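The lines below spell out each chain.
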Amino acid sequence: MKNKFLIFLFLILKSSAIYSQIITDRPSQTDSPLLIDKGYVQIETGVSIEEIQSKINSLVRIGILNGVEVRINSNYIINDEISYQKKSSFADFELGSKFKLLDNDKLNTNISFLTYLSIPTAPEVFSNNEYGFLNKLLVSHNLTSDSQMGYNIGYNKFTNYDGLYVYSLLYDKTLGSFSILFELFGNSNSNISNSNFNSGITYLIDNDKQLDLSMVKGLNNDLFFIKLGFSFRIY
């Protein structure tokens, strides 16, 4: 009986290595520097629910080369306060790429660069109504075999808007097929400064499928929403 228990315990502890084969960029605001392997496609979907607005997000990640992935990001917005026009629409589409800069096992550090072009494809009320460039440096450090710290630093600029600095800091710990995360994130420029807190959990169904649940609360603002998501990888 004791031997069976030890084998069972070993399998639970070992599962963190088994299930770590799929890495997503949700439900946190901190994007991982790890990329999709060449020839793989990963689809990360979810819904966020606020008091007056809901959003359905779909991110398609395609590994085209070793160290390079292409990304297509879209959001479908439903807003109950918009009464003079239709209440729902796709927001502006974002086309982007993630590039690996550093993958150093000795330093337990990964660094990548993520960039998007925001294209004004949505109706006026749901759109930024001009092109934008969204850029972030992505860094992660493995603290132990089952925990890591990640952070992003970025700058977003739309043609006729002030630039916006964005940042995030994440702690993530794996507990078998579950992972928990705690995160601080925000943005600022000369006119605004927002800070927020995010906590969440993910459950890895198998090597290629993952569920997630998270909650975001503004620290110096009224932001509050809940997110649920499902991600899967195909070959």
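The structure contained in this document is the topic of the report that follows. Remember, it's a predicted structure, so these values are computed and weren't measured experimentally. (Residues numbered from 1 in each chain as written. Predicted model: local features only at pLDDT ≥ 70, side-chain atom pairs only at ≥ 80, totals over all residues. Heavy atoms only, no water.)

### Let's talk about the side chain of Q210
Here is step 1: Relative to the helices and strands, Q210 resides in strand β12 (residues 209-218).
Here is step 2: Residue classification places Q210 among the buried residues on the basis of a relative accessible area of 4%.
Here is step 3: Side chain to side chain, Q210 and T24 meet in a polar contact 2.9 Å long.
Here is step 4: Non-local contacts of Q210, meaning those with residues more than four positions away in its chain, are made with I22, T24, R26, T202, Y203, L204, I205, G229, F230 and S231. (Helix = DSSP H or I, 4+ residues; strand = E, 2+ residues; numbered from the N terminus. Buried < 20%, exposed > 50% of the residue type's maximum accessible area, 1.4 Å probe, protein only. Polar contact = N/O pair within 3.5 Å; in protein donor to acceptor, adjacent residues only side chain to side chain. Contact = heavy atoms within 4.5 Å.)

### Some points on the packing of aromatic side chains
Here is step 1: Under the counting rule described, the total for this entry stands at 7 aromatic pairs.
Here is step 2: Seen from their ring centres, F90 and F93 are 5.7 Å apart, and the 25° between their planes marks the pair as stacked.
Here is step 3: Given a relative accessible area of 41%, F90 falls into the partly exposed group.
Here is step 4: F93 gets classed as partly exposed once you look at its relative accessible area, which sits at 30%.
Here is step 5: Consider the rings of F230 and F232, whose centres lie 5.6 Å apart with planes at 25°: the pair is stacked.
Here is step 6: Owing to a relative accessible area of 30%, F230 belongs among the partly exposed residues under this scheme. (Phe/Tyr/Trp six-rings, centres within 6.5 Å; stacked < 30°, edge-to-face > 60°.)

### Quick word on the pattern of salt bridges
Here is step 1: Counted under the stated rule, the structure contains 13 salt bridges.
Here is step 2: Across the salt bridge formed by D25 and K98, the nearest N and O atoms sit 3.1 Å from each other. In this pair, D25 is assigned in the loop between α1 (2-19) and β1 (41-49) and K98 in strand β5 (residues 93-104), connecting sequence segments 73 residues apart. Note on accessibility: D25 and K98 belong to one class, buried.
Here is step 3: When the shortest N-O distance is used, the salt bridge between E44 and R61 registers 2.8 Å. Residue E44 is found in strand β1, and its partner R61 is found in strand β2 (residues 53-65); the two are separated by 17 residues along the sequence.
Here is step 4: For E44, a relative accessible area of 1% translates into the label buried.
Here is step 5: On the accessibility criterion, R61 (0% relative accessible area) is buried.
Here is step 6: Through salt bridges with shared partners, a single network forms among D25, D31, E44, R61, E69, R71, K98 and K136. (Salt bridge = Lys/Arg side-chain N within 4 Å of Asp/Glu carboxyl O.)

### Some remarks on the pairing of strand β7 (residues 132-144)
Here is step 1: Of the pairings in the sheet, the one linking strand β6 (residues 109-119) to β7 comprises 10 bridges and is antiparallel in character. Paired with N110 across the bridge in β7 is S140.
Here is step 2: As defined by bridge partners, β7 adjoins strand β8 (residues 147-158) across 12 bridges and the pair is classed as antiparallel. What sits directly across from L138, in β8, is N152.
Here is step 3: Hairpin connection, β7 to β8: the antiparallel pair is bridged by 2 residues. (Pairing = 2+ DSSP bridges.)

### Some details on the environment of L170
Here is step 1: Inspection of the secondary structure assignment puts L170 in strand β9 (residues 164-175).
Here is step 2: We classify L170 as buried; its relative accessible area is 11%.
Here is step 3: Separated by 20 residues in the primary sequence, L170 and G150 have C-alpha atoms spaced 5.0 Å apart.
Here is step 4: Setting aside anything within four residues of it in sequence, one finds L170 in contact with S28, T30, Q148, M149, G150, L181, F182 and E183.

### A few points about the nonpolar core
Here is step 1: In this structure, L59, L114, Y116, L134, L138 and F158 together form the largest nonpolar core, which totals 6 residues.
Here is step 2: Taken together, the elements giving at least two residues each to this core come down to β6 and β7.
Here is step 3: L59 has contacts with Q42, I43, E44, R71, I72, N73 and Y116, leaving out every residue within four places of it along the chain. (Core = buried A, V, L, I, M, F, W, Y, C linked by side-chain atoms within 4.5 Å.)

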